[in-house]
Amino acid sequence: MSRWYDGAVYRIGELAERAMVSKRTIDYYTSIGLLKADRSESNYRIYTDESLHDLKFIEECKSLHYPLDEIKRKLEIRKEGSIQASEVEKHVCTLTQQMLKLHNDLFDIIPFLEELDAKQKEKLSNNLSLLRTALLKSLLKVSS
């Protein structure tokens, strides 16, 4: 191996199985630089626990509809452990746009909310309250 590993190492099939994605997906992410692979002495691509965490993060970001270039930037920020003011500003702008889109989406479904029964309305209200509370807590942490 080209370097010492403290944790587990995976060949592509093992990584795909653990992350519940296809080997083709891992190949693609590796080819565009989202994932890093080393080579074993037998010339197999090997991935570390860090790769597994990165892959799970990528899939989580994809589920939130982030484009791959944004995901790549988020991975770089996570690995650097710091962020420049311009990146913070860009990130806040992106989040603001997403929040506006979500607000508009919610506004579009208001007429349909009236068709829900009382139990469905209560469940929806509780879910929205939990999300709102989590968002407010996050914002308060940032501002303090």
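Keep in mind that this is a model prediction, so the values were computed, not measured. (Residues numbered from 1 in each chain as written. Predicted model: local features only at pLDDT ≥ 70, side-chain atom pairs only at ≥ 80, totals over all residues. Heavy atoms only, no water.)

J.: Mind showing me how you'd approach the packing of helix 4 (residues 68-80) against helix 5 (residues 85-113) here?
T.: Packed helices, taken two at a time, are described by the angle between their axes plus the distance between the axes. Taken N-terminus to C-terminus, the directions of helix 4 and helix 5 make an angle of 135°; their axes are 13 Å apart at the nearest point. Between helix 4 and helix 5, the angle falls in the class oblique. The chirality of how helix 4 crosses helix 5 is left-handed. Every residue of helix 5 that contacts helix 4 at E70, R73, K74 and I77 is listed here: E87, K90 and H91. Its residues placed into classes, the contact of helix 4 with helix 5 shows 1 nonpolar, 1 polar and 5 charged. (Axes fitted to C-alpha atoms, helices over the stretch in contact; angles between N-to-C directions. Helix = DSSP H or I, 4+ residues; strand = E, 2+ residues; numbered from the N terminus. Parallel < 35°, antiparallel > 145°, perpendicular 65-115°, else oblique. Left-handed = near helix turned anticlockwise from the far one by under 90°. Contact = heavy atoms within 4.5 Å. Nonpolar A, V, L, I, M, F, W, Y, C, P; charged D, E, K, R; others polar.)

J.: Would you mind showing me how to read a nonpolar patch on the surface here?
T.: Residues L106, I109, F112, L124, L128 and L131 make up a contiguous nonpolar surface patch of about 530 Å² in total accessible area. Mapped onto the nonpolar patch, the elements with two or more residues apiece are helix 5 and helix 6 (118-143). With respect to the secondary-structure elements, I109 resides in helix 5. (Patch = residues over 30% accessible without salt bridge, like charges linked within 9 Å, V, L, I, M, F, W, Y side chains within 5 Å. Areas by Shrake-Rupley, 256 points an atom, 1.4 Å probe, with all protein chains shown as cover. Salt bridge = Lys/Arg side-chain N within 4 Å of Asp/Glu carboxyl O.)

J.: What is the right way to read the environment of L34 from this model?
T.: Of note, L34 is situated in the loop between helix 2 (23-31) and strand 2 (38-39). Residue class for L34 comes out buried when judged on its relative accessible area of 5%. Taking the C-alpha atoms as reference points, L34 and R73, 39 residues apart in sequence, are found 9.4 Å from one another. Those residues within four positions of L34 in sequence are excluded, and the remaining contacts are Y29, I58, L68, I71, K72 and L75. (Buried < 20%, exposed > 50% of the residue type's maximum accessible area, 1.4 Å probe, protein only.)

J.: Hey, could you run me through the sheet that holds strand 3 (residues 45-48) in this one?
T.: Paired through backbone hydrogen bonds, the strands of a sheet run either parallel or antiparallel to each other. A sheet is described by the order of its strands in space; here 3 strands give the open sequence 1-3-2, paired in antiparallel fashion. The sheet terminates laterally at strand 1 (9-11) and strand 2, the two strands that pair on one side only. Helix 1 (residues 12-19) contacts strand 1 and strand 3 of the sheet and is inclined by roughly 105° relative to strand 1. Docked against the sheet, helix 3 (residues 49-63) engages strand 1 and strand 3, running at close to 75° with respect to strand 3. (Pairing = 2+ DSSP bridges.)

J.: Looking at this structure, I do not really get the nonpolar core. What am I missing?
T.: Here is a general trend for soluble globular proteins: nonpolar side chains tend to be buried in one another's company. L15, I26, L35, L55, I58 and I71 are the most contacted members of the largest nonpolar core, which has 19 residues in total. For this core, the element with the most residues is helix 3, which contributes 5 residues. L55 has contacts with L15, A19, V21, I26, Y29 and L35, leaving out every residue within four places of it along the chain. (Core = buried A, V, L, I, M, F, W, Y, C linked by side-chain atoms within 4.5 Å.)

J.: What am I meant to see in the pairing of strand 3 here?
T.: Regular strands place their side chains on alternate faces of the sheet. In the sheet, strand 1 pairs with strand 3 via 3 bridges, with the strands oriented antiparallel. In the sheet register, R11 faces strand 3, and the bridge partner there is I46. Bridge count between strand 2 and strand 3: 2 bridges; the pairing is antiparallel. Opposite R39, over in strand 3, you have R45 as the bridge partner. Linking strand 2 to strand 3, which pair antiparallel, is a turn of 5 residues; within it N43 sits at a positive phi near 70°.

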